[in-house]
Amino acid sequence: MFLAFSQIISGAPIDREALVRRHNVHSSSISTESPLTIGNGEFAFTADVTGLQTLNESYRSPPLQTMSHWGWHTVPARLAGVEPRQFVEQTVQVNGHVSHYPTNCTGQTALCDYLRANPHRLNLARVFLRGQSADLDASAIGDISQQLDLWTGTLRSNFSLSANGGWPNSGVPVAVVTAVHPTRDALALRVCSPLVAQGELSVGIAVPYGDTSFKGGSDWSRPSRHESSITSSGSCDPLPLMSHTLDNTTYHIRLRINSSDGACHSLVSAGRPHDYTLARQTAASPPPASMACLEATLEFDTEQLPSTSALTVGETLAACREHWPLTWQSGAAVEFSGSRASGATELERRVVLSQYIMMSQEAGSNPPQETGLMLNSWFGKFHLEMRWHHQMHFHLWDRGGMAERADPYFERARPLAQWHTAARQGFAGVRWPKMVAPPEHMSFEDGFQLFTGPSGAGPWLLWQQPHPIAFAEMSFRAAPHNATLHRYRQLIADTADFMADFVLASPADHRGCRPLGPPVFTAELESNGDIPATQTSNPTFEVTYWRFGLGMASRWWDRMQLPVPPGWTAAELALCPPAPQPYAPAHADVYFPYEHSSTFAPSGYATQLFSAVFAPTSLLNASVLEASLLQAVTELHALTDLPWCSDPPMYAMAAARLGLRNLAAELLVQPNGSTASKTSDYLPSGQCRMNTFLPTYTPGNGALLAAVAMLAGGGWDGDDGQPLPGLPRDGSWVVRAEGFAKAL
């Protein structure tokens, strides 16, 4: 349907190919802060302007890496000089209840650092152009013309090599095509140039050791720590196997090699450890040579894939041409062409590119990490409290199946999480962790199993807990069948059982209700001054979200015609409603992050407003919530450095639910350059850059997509049922939207 002003006008469906392709990414120069990533949701490859990872000395932040949801590594504890079993958790006694948290690193700093950094996600390989006579660096690259074709998920890179870079002739053309297979973790590349025929240009493959730094992935300084090898039938073998072992981690790369001029190539050592070349074995053609193409596919797996299954480049490109158009044609779409509203054109670009980023990097077998599959942050571990930002938009855009790919994680994590919840914290059900890797990688050589990464703050968080219930609810809305009810029954029971037990462990206060916590920290960690989590309770957002989650769990049992566990109902009704407080700058009562917070919005981060996004509820007073939002925006605009680029779209959703459409639109189109340090800027790649701390931050992309779905698409439960549920209806916004689901 066509939405303009407040009328619905029937019209032809959106031309999705035209919509997507008008936002293809084009590059004509080296932009080290905005490399391009291709992927299938489970596996991704980040490339420079050569279409490969040739200029990795220039591209530092973000780096050029090949990452997956399954590639993890742990440095053996004996090499780090620590014993994981010696880790001592902090013992907490609150209201007579004793529990243990991995929050105290005093006296065990080295062990804490080790357990935070291990396991860590791996850079599986560097795949790059290699020159016979000269190395390729930025000075050698000219005449750049690169395009990421979003409609087919294919990267095409054209450039020339100059004499300035040490090449004998200037202006020699090179054309590279790169793609990732949509259902297999395979990279396909085609390199075409006269230099290929001359034997001057080939492809290198190098594999690093795992890196334990915060944003690591590659450690090239420890060649003796790992082993790599080639299995080949001999010279000119087009189907070699490369194997890489790092301590207890082993994976393999099955190659298929071809050349357009009939020349044969072999995978051989480049003379340095863990560095290999697709070397031309056929005699080189003397210059001037005609154009020739070297093709190769590299399929990554923990198993040794048989040579008979090796993909060709043509098969991979054909699969991309089939898969990506079907993906774009599925689910929802929105376009803003024709809108007079400031920022509408840029918003459409951000929306299209954000969809591609999330589909190509964050639709895999585990919940995503903060920086997708471009680089590590927090050692590559994912943060379960951020899953709503990363993946709820898939449900709102009617692509819920992409989020559901990560659902099996919770079943895999359940045994360890359930044991820790009962044995270490003394509660029923399952408490979901905060900062983790896949559970199969959370065990150490001495038998110690890590529940969540140790931290002085993270283990106190509670807002990840209702997420599984909210995601299950969206899955049921898309497929309201008994099979869906039974599929998520155990997950909901585990989740709600812990929530109820945790709430009911706190005695009633002077109001006769039960506060949430202690111990607890809210979503941001700075608003309660020096008061420790063991003395903190009733964070505004978490209370409303937990009550909302417990209500959804009870309705799930009603659908299944089962008696609702009494504890769920008791906990839902017993939670103390957050109390407003006077705040002089707002000249009004507002909600603080906690009932007794010392700070309203530290660094502009007012988590109390998440209540209006995640948990629509009558528990809060709408006028007080509105005053809180207006004050938060005032303080946000006064900042020179936004803390998280997900904040503006989150506040936009809160504004929309409160009926503040003009403010919602202003926040939604937050322009680049809004802050002095250019945090929250959307790069040419579509990535949202925060700062040097995180050169990309995919929760910003995910929150943006969720906000657009709510404001311009399907709306939310309880909206007014009219078009443009969250945008101004003054004619400035001309929106075509189709296929959206309604938010909770």
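Reading the values: the criteria
Residues numbered from 1 in each chain as written. Predicted model: local features only at pLDDT ≥ 70, side-chain atom pairs only at ≥ 80, totals over all residues. Heavy atoms only, no water. Helix = DSSP H or I, 4+ residues; strand = E, 2+ residues; numbered from the N terminus. Rg over C-alpha atoms; globule rule 2.2 N^0.38 Å. Buried < 20%, exposed > 50% of the residue type's maximum accessible area, 1.4 Å probe, protein only. Pairing = 2+ DSSP bridges. Axes fitted to C-alpha atoms, helices over the stretch in contact; angles between N-to-C directions. Disulfide = S-S within 2.5 Å. Contact = heavy atoms within 4.5 Å. Polar contact = N/O pair within 3.5 Å; in protein donor to acceptor, adjacent residues only side chain to side chain. Phe/Tyr/Trp six-rings, centres within 6.5 Å; stacked < 30°, edge-to-face > 60°. Lys NZ or Arg CZ within 6 Å of the ring centre and 35° of its normal. Parallel < 35°, antiparallel > 145°, perpendicular 65-115°, else oblique. Left-handed = near helix turned anticlockwise from the far one by under 90°. Salt bridge = Lys/Arg side-chain N within 4 Å of Asp/Glu carboxyl O.

**Some points on the overall build of the protein**
The number of helices and strands found in the protein is 19 helices and 30 strands. Scaling as 2.2 N^0.38, a compact globule of 744 residues should have a C-alpha radius of gyration of about 27 Å, and the protein matches this with 27 Å. Along the first, second and third principal axes, the C-alpha atoms of the protein reach 90 × 65 × 50 Å. Taking all 744 residues of the protein together, 64% fall into the buried category.

**Focus: the sheet that holds strand S16 (residues 201-206)**
Ordered in space as S11-S16-S21-S20, the four strands form an open sheet in which the pairing is antiparallel. The open sheet has two edge strands, strand S11 (126-131) and strand S20 (265-269), and neither has a second partner. Each strand axis lies, on average, 30 degrees off the axis of its neighbour in the sheet, ignoring direction. As paired strands, S16 and strand S21 (residues 275-280) are joined by three bridges and run antiparallel to one another. Following the sheet pairing, Ile-205 is matched in S21 by Tyr-276.

**Observations concerning the state of the cysteines**
Here, the word disulfide means a covalent bond between the sulfur atoms of two cysteines. Summed over all chains, the structure comprises five disulfides. The disulfide that involves Cys-236 links it to Cys-264, with 1.9 Å between the sulfurs. Residue Cys-236 is located in the loop between strand S17 (226-231) and strand S18 (241-246), and its partner Cys-264 is located in the loop between strand S19 (249-259) and S20; the two are separated by 28 residues in the primary sequence. Taking relative accessible area as the criterion, Cys-264 reaches 18% and is therefore assigned buried. Sequence-ordered numbering of the disulfide-bonded cysteines in the protein gives the connectivity 1-2, 3-6, 4-5, 7-8, 9-10. Unpaired in this structure, Cys-320 has its nearest cysteine sulfur neighbour in Cys-192, at a distance of 17 Å.

**So, the environment of Gln-425**
Tracing the backbone through its elements, the reader meets Gln-425 in the loop between helix H9 (408-423) and strand S25 (435-436). Each C-alpha atom, one on Gln-425 and one on Val-98, is 6.9 Å from the other, the two residues being 327 residues apart in sequence. If sequence neighbours within four positions are ignored, Gln-425 has contacts with His-97, Val-98, Ser-99, His-100, Tyr-101, His-420 and Arg-431. In terms of polar contacts, Gln-425 uses its side chain to reach the backbone carbonyl oxygen of His-100, at 3.4 Å.

**Some words on the sheet that holds S17**
Overall, antiparallel pairing links the nine strands, which are arranged S3-S12-S13-S14-S15-S22-S19-S18-S17 in an open sheet. Looking at which strands have only one partner, the edges of the open sheet turn out to be strand S3 (25-27) and S17. With strand direction ignored, the average angle separating the axes of adjacent strands in the sheet is 15 degrees. Bridging between strand S14 (residues 172-180) and strand S15 (residues 186-193) involves six bridges; their strand directions are antiparallel.

**Digging into the environment of Pro-438**
Tracing the backbone through its elements, the reader meets Pro-438 in the loop between S25 and helix H10 (467-478). What makes Pro-438 buried here is its relative accessible area of 1%. Excluding residues within four positions of it along the chain, Pro-438 makes contact with His-69, Trp-72, Asn-366, Phe-382 and Arg-412.

**Some words on the environment of Ala-615**
Its place among the elements puts Ala-615 in the loop between helix H15 (611-614) and helix H16 (622-637). Ala-615 sits in the buried class, given a relative accessible area of 0%. Placed 287 residues apart in sequence, Ala-615 and Trp-328 show a C-alpha to C-alpha distance of 30 Å. For Ala-615, the residues in contact, after removing those within four places along its chain, are Thr-544, Tyr-545, Phe-548 and Phe-610.

**Quick look at the packing of aromatic side chains**
Evaluated as defined, the whole model comprises 37 aromatic pairs. Their ring planes at 15 degrees and their centres at 5.6 Å tell us that Phe-541 and Tyr-545 sit as a pair that is stacked. Linking Phe-541 with Tyr-545, this pair stays in helix H13 (residues 540-559), spanning four residues, or about one helical turn. Here Phe-541 matches Tyr-545 in class, with each residue buried. With a centroid separation of 5.3 Å and an interplanar angle of 65 degrees, the aromatic rings of Tyr-545 and Phe-614 are classed as edge-to-face. In this pair, Tyr-545 sits in helix H13 while Phe-614 sits in helix H15, placing the two residues 69 residues apart along the sequence. What links up through ring pairs into an aromatic cluster is the set Trp-388, Trp-463, Phe-541, Tyr-545, Tyr-605, Phe-610 and Phe-614. Above the face of the Phe-128 ring, Arg-126 is positioned so that its terminal group lies 3.9 Å from the ring centre. For the cation-ring pair, Arg-387 lies above Phe-471, with the distance from its terminal atom to the ring centre recorded as 4.1 Å.

**Details of the packing of helix H6 (residues 344-361) against helix H19 (residues 698-713)**
Where H6 contacts H19, the axes come no closer than 9 Å and their chain directions differ by 120 degrees. Relative to H19, H6 is oriented oblique. In terms of crossing hand, the pair formed by H6 and H19 is left-handed. Contacts between H6 and H19 pair Leu-347, Arg-350, Val-351, Ser-354, Gln-355, Ile-357 and Met-358 from the former with Thr-698, Asn-701, Gly-702, Leu-704, Leu-705 and Val-708 from the latter.

**Notes on the pattern of salt bridges**
Pairing of side chains with opposite charge becomes possible as their charged atoms draw close. Under the criterion given, the structure shown has 33 salt bridges. For Asp-509, the salt bridge identified is with Arg-511, shortest N-O distance 2.8 Å. For Arg-511, a relative accessible area of 36% corresponds to the partly exposed category. The salt bridge partner of Asp-720 is Arg-661, with a shortest N-O separation of 3.1 Å. Residue Asp-720 is found in the loop between H19 and strand S30 (734-738), and its partner Arg-661 is found in helix H18 (residues 661-668); the two are separated by 59 residues along the sequence. The network of salt bridges with common partners includes Arg-22, Glu-335, Glu-348 and Arg-736.

**So, the pairing of strand S5 (residues 43-47)**
Counting buried residues along S5, five of its five residues qualify, which places the element largely inside the surrounding structure. The two faces of S5 match: Phe-43, Phe-45 and Ala-47 on one face and Ala-44 and Thr-46 on the other face are all buried. As judged from the four bridges shared by strand S4 (residues 36-39) and S5, these two strands associate in the antiparallel manner. By the bridge assignment, Gly-39 is partnered in S5 with Ala-44. Linking S4 back to S5 in an antiparallel pair, the connection comprises three residues, with Gly-41 at a positive phi of about 95 degrees.

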